[in-house]
Structures are given as C-alpha cells and as structure tokens.
Amino acid sequence: MSDNHNDKVINLFKKSKNNLENQRFFKGFPYIKISKDENGNYFKEEALLDYASMCFYIVTVMKKNGVGVSLYKYKVPYDSLLKFLNEFRNNKSYGVVIDVERYVPEDLA
C-alpha cells in the first residue's frame, strides 16, 4: 500500500480537452455541477441540509507569536463557518486561515 493518501483522489479540475470544453466558472472560480449521488439517485435537499447541520469544520489558523508562528485548530459548526471565516477576512481577528477540513462525527454514519 502506498504512503500517498491521495491515491484515490480524482482531480476533477485537471486540464484535458474534454474538461476544457465543459469547464464552468463562478466569479473566476472553476466548478463542477453534481446532480446525482454515486448510485445515480438525485440529491434530496432536506437530506443534504440535515447532513450538513451535523457536520463540523476544523479550521486551521496560523498566528504569529513571540518566537515564530503557531497553528490553532478550531472546531466550527456548519452554520457558523462563514461567520468564522469572515472574522479573518474583515481583519476583526488576527491570523491567516491555512486549511479548512470537514469533520464528520463517527456516529453520524
């Protein structure tokens, strides 16, 4: 088994002739549209919102301290994520957002 954790990750934004023809942008950011799950079923709005409300995001923020920098990891609920990120965007809090990772509680499955 490889040590590379990205072995099964598919780069959906990889440049290819087919991708360039179908590539779409929103305010300069590339995106793809997904309408069905892996089983071919259409997504249900209520189910997606219920799932999202149970998830958290681990936001890693780099902050300067006396001798260098430190990383702070915050557990942010889904419904507070944009508010939290705006704290740094609007310079109300100091630090630089380094990473945002979705955290799904184990008992959610």
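Just above, that's the structure.
Residues numbered from 1 in each chain as written. Predicted model: local features only at pLDDT ≥ 70, side-chain atom pairs only at ≥ 80, totals over all residues. Heavy atoms only, no water.

**Q** What should I look at first to understand the overall build of the chain in this one?
**A** Within the chain one finds three helices and five strands. Taken from the N to the C terminus, the helices and strands of the chain come in the order α-β-β-α-β-β-α-β. Across the 109 residues in the chain, those meeting the buried criterion constitute 12%. Within the chain, counting contacts between residues at least 6 apart in sequence, those at least 24 apart form 45% of the total. (Helix = DSSP H or I, 4+ residues; strand = E, 2+ residues; numbered from the N terminus. Buried < 20%, exposed > 50% of the residue type's maximum accessible area, 1.4 Å probe, protein only. Contact = heavy atoms within 4.5 Å.)

**Q** I would appreciate a short explanation of a nonpolar patch on the surface in the present structure.
**A** Together, I32, I34, F43 and L48 line one region of the surface with nonpolar side chains, adding up to about 350 Å² of accessible area. Tracing the sequence through the fold places L48 in helix 2 (residues 45–54). Taking relative accessible area as the criterion, L48 reaches 42% and is therefore assigned partly exposed. (Patch = residues over 30% accessible without salt bridge, like charges linked within 9 Å, V, L, I, M, F, W, Y side chains within 5 Å. Areas by Shrake-Rupley, 256 points an atom, 1.4 Å probe, with all protein chains shown as cover. Salt bridge = Lys/Arg side-chain N within 4 Å of Asp/Glu carboxyl O.)

**Q** Help me out: how do you make sense of the sheet that holds strand 5 (residues 96–103) in this one?
**A** Hydrogen bonds between backbone atoms are what pair the strands of a sheet, whose relative direction is either parallel or antiparallel. Strands sit in the order 4-3-5 across an open sheet of three strands; the sheet is antiparallel. The outermost strands of the open sheet, each flanked by one partner alone, are strand 4 (69–77) and strand 5. In this sheet, adjacent strand axes meet at a mean angle of 20° when their direction is disregarded. When strand 3 (residues 56–64) meets strand 5, the two strands line up antiparallel, connected through seven bridges. Counterpart to V59 in the pairing with strand 5 is V100. Packed onto the sheet, helix 3 (residues 81–89) meets strand 3, strand 4 and strand 5 and runs at close to 10° relative to strand 3. (Pairing = 2+ DSSP bridges. Axes fitted to C-alpha atoms, helices over the stretch in contact; angles between N-to-C directions.)

**Q** Sorry, what's going on with the nonpolar core here?
**A** For soluble globular proteins, nonpolar side chains are generally found buried alongside one another. Formed by Y57, V59, V61, V76, L81, F84 and F88, the largest nonpolar core amounts to seven residues. At the level of elements, strand 3 and helix 3 are the ones that each hand at least two residues to this core. Apart from the residues within four sequence positions on either side, V76 is in contact with F56, Y57, V59, L81 and F84. (Core = buried A, V, L, I, M, F, W, Y, C linked by side-chain atoms within 4.5 Å.)

**Q** Would you take a moment to explain unusual backbone geometry for this structure?
**A** Apart from glycine, the bulk of residues carry a negative phi angle, and the bulk of peptide bonds sit in the trans form. We note that K27 has phi near 50°; this positive angle belongs to a residue other than glycine. Along the chain, K27 falls in the loop between strand 1 (24–26) and strand 2 (29–31).

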